[in-house]
Amino acid sequence: MLKVLHIDTNHQVLKDGLEKLGCICSEDYTSSKTEIEQKISKYNGIVIRSRFKIDKQFINAAKNLKFIARVGAGLESIDVEYAAEKGIHLISAPEGNRNAVSEQALGMILSLFNNIKKADLEIRSGKWLREANRGVELEGKTVGLIGYGNMGKAFAKKLRGFDVEVICYDIKDGVGDENCTQVSLEELQEKTDVLSLHTPFNKLSHEMVNEDFINKFSKPFYLINTARGSAVVTNHLVNALISKKVLGACLDVLEYEKGSFENLFENETLPKAFDYLIKADNVLLSPHVAGWTVESKVRLAQTIVDKVETIFYSEGKELQQKELKKVTGIGGLFFKTKDPKAIKEWYKNHLGFNVDDWGCTFWWKDKKGNEASTQWSPFKSDTDYFNPSKKDYMFNYRVDNLEALLEKLNNEGVTIVGEIQKYEYGKFGWILDLEGNKIELWEPIDAAFK
Ligand SMILES: NC(=O)c1ccc[n+]([C@@H]2O[C@H](COP(=O)([O-])OP(=O)(O)OC[C@H]3O[C@@H](n4cnc5c(N)ncnc54)[C@H](O)[C@@H]3O)[C@@H](O)[C@H]2O)c1
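Residues numbered from 1 in each chain as written. Predicted model: local features only at pLDDT ≥ 70, side-chain atom pairs only at ≥ 80, totals over all residues.

Draft legend 1. View of the site of the ligand. Not every one of the 32 residues close to the ligand is listed here, only the nearest: Pro94, Gly147, Gly149, Pro200 and Gly291. Where the shell around the ligand is concerned, the elements lending two or more residues are α5 (94–113) and α7 (150–158). Residues belonging to the shell around the ligand are distributed by class as follows: 15 nonpolar, 13 polar and 4 charged. (Near = placed C-beta within 6 Å. Helix = DSSP H or I, 4+ residues; strand = E, 2+ residues; numbered from the N terminus. Nonpolar A, V, L, I, M, F, W, Y, C, P; charged D, E, K, R; others polar.)

Here it is as structure tokens:
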């Protein structure tokens, strides 16, 4: 049973879906990163949008974390290499918002080409300017995509039917498909009329669109950026807008955004380049919402649920069934006695026990016909094996899946005594029952006795 902490609000589908799978969900949308770091070891999963960075320190504190789910596409706020090193599954949900991003990219470029925002504002201020708002058509143009993954592919698919040539440049080979031809960066810079960025944040994409990069384009071009603000050097873009090397820009993301994407500026002063952008007619801006639609909110949530199910519950379904069975039989009867040797002799002589150093092993068959054993053992009265229980006896119960059962018992608040011990004849764990009786749990390997 996975304990999952949600630290950002998401569509209800996410929490409901995880709970349906059997996860225990907790929410904490207000505690600071440090406060969450202090309690994260209690959780097996964390669901985050972009509230804070998940760095080495956080991962080190998250001793029992099995997955980090980011309800979005990019994972740059997470130290993915360190998380992977620690065996933590990284789950993102680009399938959930790729259609939204593609529609926004298309919407922005068509809007810019047809002066929709400008004309609308003019009419509102009493101006009816037709020639000044003559549009430009997409048909016949070449759209160059950089980064041909989820978002790039979704945009190329949307462009079918517009009679445009779609080409892409990607650092991975062989990504082109029926909607888009992969080309070299040089070819893309030679042919492109409309450049659309779909790269994740990384060293190569950081400040990728700079003066030098822009100057390498053969023709003046339009820019769409729905990827990450850091991919474009805004100062250089503004210079290119002024020189008309860039004919217009659709920017859903900005260099100046906060890492959480929730705020534009950390201080009050507006950068000069930004001041240019907000006054320019040939620039469209949106507040990092390309992936934010009514539909994507649900789809992102569902994508995370589906991925958690695939990773943990396809095998876990079997695990859960095993857990339901819990104890499968009595594995041992242990009791304190003044003289174990004499007691064994007595049981041998009067009840025919086949005794050895440990006591006596009884063999039987389970329902499936598998051979199984139960151990009977007298212990010296001063043994500490039954500690912390003060009782004179201890039972051992056979279980199917010790780790899963102990995890479940721990979540239910049952006291676990000590750590799991592994031997060639199985794994052992200990708990206390309601009255403080120590119980030994045993996931046996019966074949080891043969
Ligand atoms: N604006 C929004 O709301 C929004 C929403 C979703 C995604 N995004 C952005 O879109 C990005 C892409 O998402 P995705 O799901 O398509 O990622 P993805 O990993 O599926 O695809 C990215 C592709 O880019 C390629 N690539 C990486 N670095 C490159 C580089 N420097 N030059 C050329 N190709 C490079 C990769 O090989 C890969 O094929 C996200 O990381 C995020 O930055 C933004």
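Let us keep going from here.
Draft legend 2. Just the sheet that holds strand β19 (residues 438–444), in detail. Here we have 7 strands laid out as an open sheet, ordered β14-β15-β13-β16-β19-β18-β17, and mixed in their pairing. Whereas interior strands pair on both sides, the edge strands pair on one side only; in this sheet they are β14 (360–365) and β17 (416–423). Each strand axis lies, on average, 20° off the axis of its neighbour in the sheet, ignoring direction. The sheet contact formed by strand β16 (residues 393–399) and β19 spans 4 bridges and is parallel. Its bridge partner lying in β19, arginine 398 is registered against tryptophan 442. (Pairing = 2+ DSSP bridges. Axes fitted to C-alpha atoms, helices over the stretch in contact; angles between N-to-C directions.)

Draft legend 3. Local environment of α7. Judged by how many residues are buried, α7 sits mostly within the fold: 7 of 9 residues are covered. Inspection of α7 places Asn150, Met151, Gly152, Lys153, Ala154, Phe155 and Ala156 among the buried residues, and these make up the whole buried set. In the core, the buried residues of α7 are packed alongside α5, β6 (142–146), β7 (165–169) and β9 (194–197). (Buried ≥ 20, exposed ≤ 12 C-beta atoms within 10 Å, placed from the backbone. Contact = placed C-beta atoms within 7 Å.)

Draft legend 4. Molecular detail of the environment of leucine 129. Residue placement: leucine 129 occurs in the loop between α6 (116–124) and β6. Judged by local crowding, leucine 129 falls into the exposed class, with 12 C-beta atoms found within 10 Å. Sequence spacing of leucine 129 and alanine 119 is 10 residues, and the spatial spacing of their C-alpha atoms is 7.6 Å.

Draft legend 5. Region of the structure containing the domain arrangement of the protein chain. Here the protein chain is described as being made up of domain 1 (3–92 + 296–312), domain 2 (98–285) and domain 3 (327–449). Centre-to-centre separation of domain 1 and domain 2, based on C-alpha positions: 31 Å. Each side of the interface is counted separately: domain 1 has 8 residues, and domain 2 has 9 residues. Per-class residue counts for the side of domain 1 that touches domain 2 are 1 nonpolar, 4 polar and 3 charged. (Domains from an automatic or database assignment.)

Draft legend 6. Structural detail: the sheet that holds strand β12 (residues 283–285). Spatial strand order, β8-β7-β6-β9-β10-β11-β12: 7 strands in an open sheet with parallel pairing. Unpaired on one side and paired on the other, β8 (181–182) and β12 mark the two borders of the sheet. Looking at chain direction, β9 and strand β10 (residues 221–225) are connected through 4 bridges and run parallel. When the bridges of β10 are listed, leucine 197 appears paired with asparagine 225.

Draft legend 7. The arrangement of the pairing of β16 in detail. As judged from the 7 bridges shared by strand β13 (residues 327–337) and β16, these two strands associate in the antiparallel manner. Across the sheet, the residue bridging to glycine 332 is asparagine 396, located in β16.

Draft legend 8. Inspection of the packing of helix α10 (residues 234–243) against helix α11 (residues 272–279) at higher detail. One way to put it is that α10 packs onto α11 with a least axis distance of 9 Å and a crossing angle of 45°. On the basis of their axis angle, the class for α10 and α11 is oblique. By crossing handedness, the relation of α10 to α11 is classed as left-handed. Contacts from Thr234, Asn235 and Val238 of α10 reach α11 at Ala273, Phe274, Tyr276 and Leu277. For the contact of α10 with α11, the per-class residue count stands at 5 nonpolar, 2 polar and no charged. (Parallel < 35°, antiparallel > 145°, perpendicular 65-115°, else oblique. Left-handed = near helix turned anticlockwise from the far one by under 90°.)

Draft legend 9. Local environment of the packing of α5 against α7. Contact geometry for α5 and α7: axes closest at 8 Å, N-to-C directions at 50°. Between α5 and α7, the crossing angle belongs to the class labelled oblique. Handedness of the crossing formed by α5 with α7: right-handed. Residues Pro94, Glu95, Arg98, Asn99, Val101, Ser102, Glu103, Ala105 and Leu106 of α5 form the contact with α7, whose own contacting residues are Asn150, Met151, Ala154, Phe155, Lys157 and Lys158. When the residues that make up the contact of α5 with α7 are grouped by side-chain class, the tally is 7 nonpolar, 3 polar and 5 charged.

Draft legend 10. Quick peek at the environment of lysine 66. Topologically, lysine 66 is positioned in the loop between α3 (56–61) and β4 (67–70). Remark: the alpha-carbon pair of lysine 66 and lysine 86, spanning 20 residues in sequence, is separated by 9.0 Å. Residues contacting lysine 66, with those up to four places away along its chain left out, are Leu2, Asn44, Gly45, Ile88 and His89.

Draft legend 11. Just the environment of lysine 367, in detail. With respect to the element layout, lysine 367 can be found in the loop between β14 and β15 (371–380). As a C-alpha pair, lysine 367 and glutamate 345 span 22 residues in sequence and 33 Å in three-dimensional space.

Draft legend 12. Representation of the nonpolar core in the model. Residues Ile46, Ile68, Leu145, Leu237 and Ile304 are the most contacted members of the largest nonpolar core, which totals 83 residues. Mapping this core onto the domain boundaries places at least three of its residues in each of domain 1 (3–92 + 296–312) and domain 2 (98–285). For leucine 145, the contacting residues outside a window of four places in its chain are Gly152, Phe155, Ala156, Val166, Cys168, Cys180, Ser196 and His198. Core analysis: the second largest hydrophobic core is formed by 6 residues, Val399, Leu406, Trp430 and Leu441 among them. (Core = buried A, V, L, I, M, F, W, Y, C linked by C-beta atoms within 7 Å.)

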